[in-house]
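Spelled out, the chains give:
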Amino acid sequence: MPVSPIWPAGSAVNDEGEITFHGRTAASLLDEFGSPLYVIDTDDVRARATKFVHSAANAFNNTVTHVSFAGKALLSKEICRIVTESGMLIDTCSMGEMRIALAAGVPGRRLVLHGNNKSDAEIELAIEQGFNKIVVDEPGEPERIATIAKRLGKRARVMLRVTSGIHAGGHEFVSTAHEDQKFGVPLLAAGADAAVLDVLNDLKDVTPAATNARISATHSPENGAEKTEKSERELHYDVKYPYDLSHEKVSEGDRKLAEAMTMVADGPALAVLKDIYRRQDVLELVGVHSHIGSNIHDADAFIHAAKRMMLLRKTLWATDAYILPEIDLGGGYSVAYTDGEDSMDIDVELTRLADAVNSTNRALGMPAPAISFEPGRYIVAPAGVTLYRVGTIKHVHLSDAKDSDGNPIAERVYVSVDGGMSDNIRPALYGADYTARLANRTGSAETMLARVCGMHCESGDIVVHEVQLPADLKRGDILAVPVTGAYGRTMASNYNQALIPAVVAVSESGAHVMLRRQTVDDLLNLDVSE
């Protein structure tokens with residue numbers, strides 16, 4: 001029978017209470033490949049990748065959509081091939097990720113380079129390989145990319161990452177669109193009143209033709225000359241504005257929108273876009289990028305950020321007569337980590353997002369751009385499970401303690417496993433919640449409140465903060481922790497010189513090693529000291 005919706009599609013529980021993956025029991029996988037072990041259902045990865053590509057295309061059926069897999073979630077040559085065969089591009093953000101994707105045979109035209117601190121070598125490789133785009137992250141980067149492209153005799157496709165000011169995501173460390181952080185270029189200047197952008201939520205009385213230019217209330221003549229009526233009129237003609245803002249028939253919506261466009265035009269993001277546009281001989285400006293956070297359950301924050309990107313696109317058209325071809329709305333589409341948790345219904349939420357983008361562009365009098373997405377966690381997290389062997393089981397008697405629901409408890413059982421924060425740092429880093437269940441047999445009906453912890457020398461080395469496990473749990477049993485396909489293996493470490501586990505792919509075709517387990521020889525070979 002199925003385990004529950006948060007487990008991989010190919011998982012089940014057999015009559016003996018063992019968890020199976022496409023027919024292979026957890027015990028047989030550990031016996032063959034060792035413990036701990038990352039298990040990835042590659043059929044599920046393929047299905048989820050294909051699903052997202054189709055959902056995006058169906059939602060935005062009036063334009064082109066691109067979906068890039070965020071390689072930071074989990075990357076191997078096999079994963080690269082699966083997601084590209086499913087219609088995706090791949091986002092990379094380091095030389096290692098770039099080289100793995102290229103080694104998998106992915107052509108440069110299906111690769112993207114991100115990163116807030118790209119090396120010259122990374123930029124050079126991306127340009128040489130003809131990457132689909134390089135995402136500019138700071139104001140000085142266009143000059144660096146242009147210099148390298150000119151030396152190579154090539155033209156680089158670039159996109160600007162913009163911090164929209166829309167905040168989303170559960171933890172501060174994964175909320176990436178607020179101003180005080182390392183990513184992107186702000187949409188608005190410091191101190192600007194973002195409330196002016198609220199006009200985007202009510203564009204009913206906006207006239208598309210009225211937004212054909214950036215409007216400035218004043219004009220400063222050159223050489224200190226006195227401002228005249230003629231200079232004021234020339235300003236309006238130069239920017240092709242169809243009427244004076246002082247005219248009584250101008251709607252309040254048009255006035256507010258003009259104010260919002262002026263604020264955007266004076267912001268850092270537009271200045272960088274202009275800098276890129278001036279370098280057309282070596283840089284092709286393909287669009288703007290917005291990433292607002294991670295594990296977001298609905299489209300609300302995406303809608304607000306998308307509206308701001310459409311306003312930026314409109315403003316660049318108004319100031320420079322250039323229409324950005326593409327808007328990348330980033331990633332952050334949620335999955336459930338425990339039973340009962342919310343996860344994003346991408347069919348519903350992408351349709352809501354498409355409706356908002358389309359209506360905003362209609363109001364602004366702009367053609368639809370190509371729309372891009374960057375899911376990572378959504379594709380691989382639910383396809384992954386980590387298997388552990390149980391070691392020490394310690395009953396700790398407590399006074400004045402409570403469980404997560406605030407109920408008093410007299411005891412907590414610490415269940416130690418043969419892995420921990422070295423193979424899944426997310427509980428320690430973000431306070432992320434997971435669940436676990438006995439995987440090698442049917443346990444007792446009686447349960448105990450347990451905390452699954454690792455083997456490392458840290459009190460914060462917790463795998464699962466709180467879970468009910470069979471009271472007869474014993475050393476040597478197998479625990480399975482689901483939804484570990486994203487940011488487990490890719491954030492793994494050698495803390496306490498622990499060996500990074502193998503990643504085993506399971507599917508209807510069988511099981512095989514995708515990424516081999518580290519060995520002690522690997523550790524010793526890195527140590528070249530005498």
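The structure presented is a predicted model; accordingly, all values stated were derived computationally and were not measured.

## Side note on the overall build of the protein chain
Each helix and strand counted, the protein chain has 14 helices and 21 strands in total. A total of 530 residues make up the protein chain; the buried ones form 55% of that total. Carbon and sulfur atoms form 49% of the exposed surface of the protein chain, whose accessible area is close to 22,800 Å².

## With respect to the pattern of salt bridges
Counted according to the given criterion, the structure contains 20 salt bridges. Salt-bridge contacts for E141 lead to K118; the nearest nitrogen and oxygen are separated by 2.6 Å. Within this pair, whereas E141 is found in helix α6 (residues 141–152), its partner K118 is found in the loop between β7 (111–113) and α5 (120–128), the two being separated by 23 residues in sequence. You'll find E141 and K118 in the same group, each marked buried.

## Description of the packing of aromatic side chains
The way to describe two aromatic rings as a pair is by their centre distance and the angle between their planes. On inspection of all chains with the given rule, the structure shows 8 aromatic pairs. Where F52 meets F373, the ring centres are 6.0 Å apart and the plane angle is 65 degrees; that geometry is what we call edge-to-face. Taken as a pair, F52 in helix α2 (residues 42–59) and F373 in strand β13 (residues 370–373) lie far apart in primary sequence, 321 residues in all. Grouping residues by exposure puts F52 and F373 together as buried. Relative to F373, the ring of Y333 has its centre 6.3 Å away and its plane inclined at 65 degrees; by these criteria the two rings are edge-to-face. Taken together, the residues span a long stretch of sequence, with Y333 in the loop between β12 (326–328) and α11 (346–364) and F373 in strand β13 at a distance of 40 residues. Taking relative accessible area as the criterion, Y333 reaches 2% and is therefore assigned buried. On the basis of relative accessible area, F373 is assigned to the buried category, the value being 0%.

## As for the pairing of strand β4 (residues 37–41)
β4 sits mainly inside the fold: 5 of its 5 residues count as buried. Across the two faces of β4 the burial is the same, with L37, V39 and D41 and Y38 and I40 all buried. Sheet topology note: the β4/strand β14 (residues 384–402) ladder contains 4 bridges and is antiparallel. Following the sheet pairing, L37 is matched in β14 by L387. Of the pairings in the sheet, the one linking β4 to strand β20 (residues 502–507) comprises 5 bridges and is parallel in character. Across the sheet, the residue bridging to L37 is A502, located in β20.

## Notes on α5
Considered for burial, the residues of α5 that qualify are E122, I123, L125, A126 and I127. Packed against the buried residues of α5 are α4 (95–103), β7, β8 (133–136), α6 and β9 (156–163). In the segment just after α5, G130 is the residue with positive phi, at about 65 degrees.

## Observations concerning the sheet that holds strand β3 (residues 24–25)
Pairing is antiparallel across the open sheet formed by 3 strands, whose spatial order is β1-β2-β3. Bordering the open sheet on either side are β1 (11–13) and β3, each of which pairs with just one other strand. Taken together, the 3 bridges between β1 and strand β2 (residues 19–21) define a ladder with antiparallel strand orientation. The residue bridging S11 from the neighbouring strand is F21, located in β2.

## Some points on the environment of S86
With respect to the helices and strands, S86 occurs in the loop between α3 (77–85) and β6 (89–92). Residue classification places S86 among the buried positions, given a relative accessible area of 10%. When the C-alpha atoms of S86 and A49 are compared, they prove to be 6.0 Å apart, with 37 residues separating the residues in sequence. Discounting residues that sit within four places of it in the chain, S86 has contacts with R46, A49, T50 and V53. A distance of 2.8 Å separates a polar atom in the side chain of S86 from the backbone oxygen of I82.

## So, helix α1 (residues 26–33)
The set of residues buried in α1 consists of A26, A27, L29, L30 and F33. Buried residues of α1 fall within an arc of 160 degrees about the axis and therefore sit on the same side. Of the residues flanking the end of α1, it is G34, one or two places downstream, whose phi is positive at about 95 degrees.

## What about the environment of T519?
The topology assignment puts T519 in the loop between β21 (510–515) and α14 (520–526). The spacing of T519 and A498 is 21 residues in sequence and 9.4 Å in space, taken between C-alpha atoms.

## Some details on the nonpolar core
With 154 residues, the main nonpolar core has F52, L353, F373, I379 and L387 as its most contacted residues. Take this core: its biggest share by element is 11 residues, from helix α10 (residues 300–320). Apart from residues lying up to four places away in sequence, L353 is in contact with F60, A299, F302, I303, A306, L329 and F373.

## Considering unusual backbone geometry
The residue after S35, namely P36, is reached through a cis peptide bond having omega -10 degrees. Residue A321 is not a glycine yet carries a positive backbone phi of 55 degrees. Here A321 is to be found in the loop between α10 and β12. You can call A321 exposed: its relative accessible area is 51%. Backbone geometry at V483 places phi at a positive 65 degrees, although glycine is not the residue there. Examined against the element boundaries, V483 turns out to sit in the loop between β19 (478–482) and β20. A residue is classified by how much of its surface remains accessible, and V483, at 0% relative accessible area, is buried.

Analysis parameters
Residues numbered from 1 in each chain as written. Predicted model: local features only at pLDDT ≥ 70, side-chain atom pairs only at ≥ 80, totals over all residues. Heavy atoms only, no water. Helix = DSSP H or I, 4+ residues; strand = E, 2+ residues; numbered from the N terminus. Buried < 20%, exposed > 50% of the residue type's maximum accessible area, 1.4 Å probe, protein only. Areas by Shrake-Rupley, 256 points an atom, 1.4 Å probe, with all protein chains shown as cover. Salt bridge = Lys/Arg side-chain N within 4 Å of Asp/Glu carboxyl O. Phe/Tyr/Trp six-rings, centres within 6.5 Å; stacked < 30°, edge-to-face > 60°. Pairing = 2+ DSSP bridges. Contact = heavy atoms within 4.5 Å. Polar contact = N/O pair within 3.5 Å; in protein donor to acceptor, adjacent residues only side chain to side chain. Arc of directions from axis to C-beta. Core = buried A, V, L, I, M, F, W, Y, C linked by side-chain atoms within 4.5 Å.

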